[in-house]
Amino acid sequence: MTAAYDTQAPLVIDRRNGPYGEVVLRRHGELLQIIANGCFLMDTSDGRSERLLVDAARDALDGRPEPSVLIGGLGVGFSLAHAAADPRWGRIAVVERERAVIDWHLEGPLSEMSARALADPRTEIVEDDLVAYVNETSATYDALCLDIDNGPGWTVTEGNESLYSEAGLAACARLLRPGGVLAVWSAQPSSDFEGTLGNAGFRQVRTEEIPVARGVPDVVHLAVRPG
């Protein structure tokens, strides 16, 4: 991090008010940042944890040919771009509820992160609330990668809490084909969430840590729907 980055004030590029509140795209030095209702969500600084989220889910599928993946949350596009760069994935669907975020990728500054992935014929963007989609869709996938909050215990919006409950995770399991993998990103480990995954019927529950410069490591919670 340079001194110029430390002292430069963030520049708001776009600000939208939608059905879920305010969402802001801003530039801070060389970084693009997404802020929702005043809460920092993510920026374009790294992407290691998003890449691990996708790779850990794929690796847990044990070589299943051309698996399909549903990514919960478009964000700054790290997860989508990484999945689309991997020819081993088949269908790649991304559920994003914020129209503004989709627009920033289709025709705004975030297109530099995702343009190639969005042009990939395997890619589909679904504009919907993930909680509603999980409970209503008839589609099924081999992997489900969730990165819509700061973790199961630190949700961005109150309505997302239900997704991490036993009932919400059981709904996620219904989207997965037998042997399918659920991967959930979190800003901190949670043994309670591991227990909830087991109670929801998942097996082979484990947690992978992503080292960070300071503080508690980010993690990816992994679980498998029984065959």
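For the structure, check the block above.
Computed from a predicted model, the values in this text were never measured in an experiment.

Caption draft 1: Structural context of the nonpolar core. Counting 37 residues, the largest nonpolar core has Ile34, Trp89, Ile92 and Trp104 as its most contacted members. In terms of nonpolar packing, the next biggest core, distinct from the first, is built from 27 residues, Tyr133, Leu146, Leu175 and Ala223 among them.

Caption draft 2: How the structure looks around the packing of helix α4 (residues 99-107) against helix α5 (residues 111-119). Two numbers describe how α4 lies on α5: the axes approach to 7 Å, and their chain directions differ by 80°. The angle between α4 and α5 falls in the class roughly perpendicular. Listed contacts from α5 to Trp104, His105 and Leu106 of α4 are Ser111, Ser114 and Leu118. Considered class by class, the residues forming the contact of α4 with α5 number three nonpolar, three polar and no charged.

Caption draft 3: α4, seen in detail. Inspection of α4 places Ala100, Val101, Ile102, Asp103, Trp104 and His105 among the buried residues, and these make up the whole buried set. Looking at the buried side of α4, the elements it contacts are β1 (11-18), β2 (21-28), β3 (31-36), β6 (92-96), α5 and β7 (123-127).

Caption draft 4: Just the pairing of β2, in detail. Both β1 and β2 contribute to a ladder of seven bridges, which runs antiparallel. Residue pairing in the sheet places arginine 16 in a bridge with valine 23 of β2. Between the end of β1 and the start of β2, which pair antiparallel, lie two residues. Bridge analysis of β2 against β3 gives six bridges, and the strand direction is antiparallel. Its bridge partner lying in β3, arginine 27 is registered against leucine 32.

Caption draft 5: Expanded view of the packing of aromatic side chains. Taken as a whole and assessed by the stated rule, the structure comprises one aromatic pair. Relative to phenylalanine 193, the ring of tyrosine 164 has its centre 6.0 Å away and its plane inclined at 75°; by these criteria the two rings are edge-to-face. Placement of tyrosine 164 in the loop between β8 (141-146) and α7 (166-175) and of phenylalanine 193 in helix α8 (residues 191-199) is noted, with a sequence separation of 29 residues between them. Each of the two residues, tyrosine 164 as well as phenylalanine 193, counts as buried. Positioned above the aromatic ring of phenylalanine 78, the side-chain terminus of arginine 51 is 6.0 Å from the ring centre. One Lys or Arg, arginine 97, reaches over the ring of tyrosine 20 and ends 3.9 Å from the middle of that ring.

Caption draft 6: Geometry of the side chain of glutamate 98. On the secondary structure map, glutamate 98 appears in the loop between β6 and α4. Take glutamate 98: its relative accessible area is 11%, and that puts it in the buried class. Setting aside residues up to four positions removed in sequence, glutamate 98 forms contacts with Tyr20 and Val23.

Caption draft 7: Fine view of empty space enclosed by the protein. The final tally for this structure, using the stated rule, is one cavity of 30 Å³ or more. Here the largest cavity defines a volume of roughly 60 Å³. Looking at the largest cavity, the residues that line it are Met42, Glu50, Gly73, Leu74, Gly75, Val76, Gly77, Phe78, Ser79 and Asp147. Looking at the lining of the largest cavity residue by residue, the classes come out as four nonpolar, four polar and two charged.

Conventions used here
- As a convention, each chain's residues are numbered from 1 in the sequence order in which they are written.
- Residue-level local features of this predicted model are given only where pLDDT is at least 70; pairs of side-chain atoms are given and counted only at 80 or more, and the full residue set underlies all totals for whole chains, interfaces and linings.
- The side-chain quantities take in all heavy atoms of the structure and omit both hydrogens and water.
- Side-chain atoms within 4.5 Å are what join buried Ala, Val, Leu, Ile, Met, Phe, Trp, Tyr and Cys residues into a set we call a nonpolar core.
- Type-normalised accessible area, obtained with a 1.4 Å probe on protein chains alone, sets the label of each residue: buried when under 20%, exposed when over 50%, and partly exposed for intermediate values.
- For every element, the axis is a line fit to its C-alpha atoms; helices are fit only across the contacting stretch, and the angle between N-to-C directions ranges from 0 to 180 degrees.
- Numbering goes from the N terminus for both helices and strands, where a helix is a DSSP run of H or I of at least four residues and a strand is a run of E of at least two.
- Working rule for angles: under 35 degrees goes down as roughly parallel, over 145 as roughly antiparallel, 65 to 115 as roughly perpendicular, anything else as oblique.
- For this analysis, residues touch if any pair of their heavy atoms sits within 4.5 Å.
- Amino acid classes used here: Ala, Val, Leu, Ile, Met, Phe, Trp, Tyr, Cys and Pro are nonpolar; Asp, Glu, Lys and Arg are charged; the rest, including Gly, are polar.
- The rule for pairing is simple: two strands pair if DSSP sees at least two bridges between them.
- Ring pairs shown here join Phe, Tyr and Trp side chains whose ring centres sit within 6.5 Å, with only the six-membered ring taken for Trp; geometry is labelled stacked below 30 degrees between planes, edge-to-face above 60, and tilted in between.
- Here, over-ring charges are defined by two tests on the NZ atom of lysine or the CZ atom of arginine: distance to the ring centre within 6 Å, and angle to the ring normal within 35 degrees.
- Points on a 1 Å grid, built from protein atoms alone, make a cavity when a 1.4 Å probe fits but cannot get out and make a pocket when they are open with protein on both sides within 12 Å along at least 5 of 7 lines; residues with an atom within 4 Å of a point are the lining residues.
- Grid points are joined across faces, edges and corners, and a volume is the space filled by probe spheres set on the points.

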